[in-house]
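What the coordinates show
Take a look at the letters that make up each chain.
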Amino acid sequence: MFKRWLKFILQAAVALSVFPAAADSYVDFFRAVQIDNDSAVSRLLERGFDPNSVSEQGELALALAIKERADRVAQRLLQDPRIDIDRASARGETALMMAAIHGRLDWVERLVARGAAIDREGWTPLHYAASGPDMRIVTRLVALGARIDARSPNGSTPLMMAAGYGDQRNALALLGLGADPALRNARGLSAADFARQTGHDALADQLDAAAKAGAARR
């Protein structure tokens, strides 16, 4: 009896080592993503785990890796032929949007080189870049053809997001690149209003002045 039981235990241990899915591969996968364990991720991918999986928090694996600066894992996921580079999470966020808002210019370039869409309906990578810390990503996306006055579902533009949430240099860069400071969103707010609501009064005055100058030229 004891020998049969020992044999069963040994067989179970071997099965778990050969088939990680039997030991909750979903949990293992996302734990490996967060700690940048590319070898563990590779093993799971080679055994059929979907690289486009979504975490319990609703984050796509590639976007999560980029956000967590798990660069080895992100590179491994990017190389997987099954990766859907433009897949959006339940919140509508793509890997490029995550790279943009977290100031990952290196990953913006890699994703674009892999064919990531610069523009999309609703919230766009430029909205996210404008809300982030790196002006270079804003200018890069515009240079690549991003719509500078793209409208979110509530009518907000990247300039509004920059004025209210991002580095103030993002707003000045967008203004210099031709963003329209006179536009208003569904709530009737302009970029200057966004700036003023967050205590950026000097920026708000610049945006108001730019809007008035644009109206005078028209």
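Residues numbered from 1 in each chain as written. Predicted model: local features only at pLDDT ≥ 70, side-chain atom pairs only at ≥ 80, totals over all residues. Heavy atoms only, no water.

Points about unusual backbone geometry
The phi dihedral of aspartate 36 falls on the positive side, at around 60°, and the residue is not glycine. Within the secondary structure, aspartate 36 is located in the loop between helix 2 (25-34) and helix 3 (38-46). Its relative accessible area of 12% is what places aspartate 36 among the buried residues. (Helix = DSSP H or I, 4+ residues; strand = E, 2+ residues; numbered from the N terminus. Buried < 20%, exposed > 50% of the residue type's maximum accessible area, 1.4 Å probe, protein only.)

Quick look at the UniProt feature "repeat: ANK" (unreviewed entry) in the chain
In this numbering, the UniProt entry assigns the feature "repeat: ANK" (unreviewed entry) to residues 91-123, 121-153 and 154-186. Between the end C-alpha atoms of residues 121-153 there is a gap of 9 Å, over a span that is 45% helix and 0% strand. Structurally, residues 154-186 is divided into 48% helix and 0% strand, and its ends, taken at the C-alpha atoms, are 5 Å apart. (UniProt positions renumbered as here; feature names shortened; annotations may be inferred.)

Concerning the packing of aromatic side chains
In the structure shown here, the tally under the stated rule is four aromatic pairs. Look at phenylalanine 29 and phenylalanine 30: their rings are 5.1 Å apart centre to centre, the planes differ by 90°, and that puts the pair in the edge-to-face class. Under the relative-accessibility criterion, phenylalanine 30 is labelled buried at 7%. Linked through ring pairs, Tyr26, Phe29, Phe30 and Phe49 together constitute an aromatic cluster. (Phe/Tyr/Trp six-rings, centres within 6.5 Å; stacked < 30°, edge-to-face > 60°.)

A word on the nonpolar core
Ranked by size, the top nonpolar core spans 63 residues in total, and within it Phe29, Leu62, Leu77, Leu111 and Leu174 carry the most contacts. Leave out the neighbours within four places in its chain, and leucine 111 touches Leu62, Ile66, Leu78, Ile85, Ala95, Leu96, Ala99 and Ala116. (Core = buried A, V, L, I, M, F, W, Y, C linked by side-chain atoms within 4.5 Å. Contact = heavy atoms within 4.5 Å.)

Some words on helix 3
Along helix 3, the residues classified as buried are Ala40, Val41, Ser42, Leu44 and Leu45. At its buried positions, helix 3 is contacted by helix 2 and helix 5 (71-79). A positive backbone phi angle near 105° is found at glycine 48, which sits one or two residues after helix 3.

Observations concerning the pattern of salt bridges
Across all of its chains, the model carries 16 salt bridges by this definition. Of the charged contacts in the structure, one is a salt bridge between arginine 72 and aspartate 38, with a shortest N-O distance of 3.5 Å. Linking arginine 72 in helix 5 with aspartate 38 in helix 3, this pair joins segments that are 34 residues apart in sequence. In this structure arginine 72 comes out as partly exposed when scored by relative accessible area, which is 48%. Residue aspartate 38 is classed as partly exposed on the basis of its relative accessible area of 27%. With a closest N to O distance of 2.9 Å, glutamate 109 and arginine 140 form a salt bridge. (Salt bridge = Lys/Arg side-chain N within 4 Å of Asp/Glu carboxyl O.)

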